[in-house]
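# Analysis of the macromolecular model
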Amino acid sequence: MTSFVIPTAEQRDDHLEYFRIDQDVIKTVRNMRKRLMRHYDVCLETVFDHLESMPEVAHYFIIPENLGYLKLGLRAHAEIVFQAKFDEHYYRECDVIGERHSKLEYPSHAYTSGYSNMLAAVIERGMKDKPTMKPAEVIALNRVCLYDMELVMASFHRHQLEKQAALHADALRVRDMIANTPHSQTG
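Below is a short write-up of the structure.

Conventions used here
- Residues numbered from 1 in each chain as written.
- Predicted model: local features only at pLDDT ≥ 70, side-chain atom pairs only at ≥ 80, totals over all residues.
- Heavy atoms only, no water.
- Helix = DSSP H or I, 4+ residues; strand = E, 2+ residues; numbered from the N terminus.
- Rg over C-alpha atoms; globule rule 2.2 N^0.38 Å.
- Buried < 20%, exposed > 50% of the residue type's maximum accessible area, 1.4 Å probe, protein only.
- Contact = heavy atoms within 4.5 Å.
- Areas by Shrake-Rupley, 256 points an atom, 1.4 Å probe, with all protein chains shown as cover.
- Lys, Arg positive; Asp, Glu negative; His and termini not counted.
- Charge placed at Lys NZ, Arg CZ, Asp CG, Glu CD.
- Polar contact = N/O pair within 3.5 Å; in protein donor to acceptor, adjacent residues only side chain to side chain.
- 1 Å grid on protein atoms, 1.4 Å probe; cavity = no way out; pocket = protein on both sides within 12 Å on 5 of 7 lines; lining within 4 Å.
- Points joined across faces, edges and corners; volume = space filled by probe spheres on them.
- Nonpolar A, V, L, I, M, F, W, Y, C, P; charged D, E, K, R; others polar.
- Core = buried A, V, L, I, M, F, W, Y, C linked by side-chain atoms within 4.5 Å.
- Phe/Tyr/Trp six-rings, centres within 6.5 Å; stacked < 30°, edge-to-face > 60°.
- Disulfide = S-S within 2.5 Å.
- Expected span 1.5 Å × (residues − 1).
- Arc of directions from axis to C-beta.
- Salt bridge = Lys/Arg side-chain N within 4 Å of Asp/Glu carboxyl O.

### Here we look at the overall build of the chain
Looking only at helices and strands, one finds 7 helices and 0 strands in the chain. Computed over C-alpha atoms, the radius of gyration of the chain comes to 21 Å, more than 25% over the 16 Å expected from 2.2 N^0.38 for 187 residues, which places it beyond the range of a compact globule. Reported as C-alpha extents along the three principal axes, the dimensions of the chain are approximately 90 × 40 × 20 Å. By the burial criterion, 38% of the 187 residues in the chain qualify as buried. Considering only contacts within the chain whose residues lie at least 6 apart along the sequence, 78% involve residues at least 24 apart. When the accessible area of the chain is evaluated, it comes to approximately 11,700 Å², of which 58% is carbon and sulfur surface. The average position of the 23 basic charges and that of the 27 acidic charges among the side chains of the chain differ by 6 Å.

Right, here's the structure in full:
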């Protein structure tokens, strides 16, 4: 497996530019952080309720120990996302999450649906909040959350490809060993 390489400052700037995350977006998300986190636990429950209803992954999400660990980890990551720092720590966190997702061997849509459902739940609660979330806040939140999802899913797929490459290399080594092993002669 290869180790994660933190994007350079120039690469990070390019990424943020692609997602149209500028200083106004960053400031907006940072200003919303406490408000967003106030709704986080309720929204997270809706995500886990959804995952528990999906036969493909339900067995994992009904185990209380798994849920406790996941909830703590997701809350910690949300705190980091809503700080909108985009520093080395943030990029490492995204890579670790993608690697963990990869190890579970669930299809990527299990994770992207979780992100999508969480974002929708946060926006829905924010729209009912007083004062109501403004369009610029919804846009900023979307930009930052979709960038976060991209980073985590890119890591997920990179780790999947690394595992496939390692398995292929192992298969080639075994094939070479078999091909180079003298066969016993029977007589």
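Now that the structure is up, let's keep going.
### Some thoughts on the side chain of aspartate 95
Position of aspartate 95 among the secondary structure elements: in helix α5 (residues 88–104). Note on aspartate 95: relative accessible area 7%, which makes it buried. Within the structure, the side chain of aspartate 95 is placed 2.8 Å from the side chain of serine 155, a separation counted as a polar contact.

### Remarks on the layout of surface pockets
Its boundaries defined by the atoms lining it, the largest pocket holds a volume of some 740 Å³. Per-element accounting of the lining of the largest pocket gives the leading share, 9 residues, to helix α4 (residues 64–83). Of the residues assigned to the lining of the largest pocket, the class counts are 24 nonpolar, 4 polar and 3 charged.

### Regarding the nonpolar core
In this structure, Ile21, Phe61, Phe82, Phe86, Tyr90, Leu141 and Tyr147 are the most contacted members of the largest nonpolar core, which totals 50 residues. Secondary structure elements with two or more residues in this core: α2 (23–52), α3 (58–61), α4, α5, α6 (108–128) and α7 (135–179). Here this core takes 12 residues from α2, the largest share from any one element. In this structure, tyrosine 147 is in contact with His15, Leu16, Phe19, Ile21, Phe86, Tyr90 and Tyr91, ignoring residues within four places of it in sequence.

### Here we look at the packing of aromatic side chains
Per the counting criterion, the structure on display carries 9 aromatic pairs. Ring geometry for tyrosine 60 and phenylalanine 61: centres 5.3 Å apart, planes at 80 degrees, overall edge-to-face. Taking 6.1 Å as the distance between ring centres and 70 degrees as the angle between the ring planes, the aromatic pair formed by tyrosine 60 and tyrosine 106 counts as edge-to-face. Within this pair, whereas tyrosine 60 is found in helix α3, its partner tyrosine 106 is found in the loop between α5 and α6, the two being separated by 46 residues in sequence. On the accessibility criterion, tyrosine 60 (15% relative accessible area) is buried.

### Considering the state of the cysteines
Inspection of the entire model under this criterion finds 0 disulfides. The thiol sulfur of cysteine 145 is not disulfide-bonded, and the nearest other cysteine sulfur, from cysteine 43, lies at 11 Å.

### Some thoughts on unusual backbone geometry
Residue lysine 130 is joined to proline 131 through a cis peptide bond whose omega torsion reads -5 degrees. Among the secondary structure elements, proline 131 is positioned in the loop between α6 and α7. Positioned with a positive phi, alanine 84 is a non-glycine residue whose angle comes to about 50 degrees. Its place among the elements puts alanine 84 in the loop between α4 and α5.

### Examining α5
With 17 residues, α5 should cover 24 Å at 1.5 Å per step; its first-to-last C-alpha distance of 25 Å lies within 8% of that length. Within α5, burial applies to Tyr90, Tyr91, Cys94, Asp95, Ile97, Gly98, His101 and Ser102. Down the axis of α5, the smallest arc covering the buried residues is 160 degrees, so these residues share one side.

### With respect to the pattern of salt bridges
Side-chain pairing between opposite charges can occur once the charged atoms of the two side chains come close. Under the counting rule described, the total for this entry stands at 10 salt bridges. Two residues, aspartate 129 and arginine 38, come together in a salt bridge whose shortest N-O distance is 2.8 Å. Taken together, the residues span a long stretch of sequence, with aspartate 129 in the loop between α6 and α7 and arginine 38 in helix α2 at a distance of 91 residues. On the basis of relative accessibility, which here comes to 11%, the residue aspartate 129 falls in the buried class.

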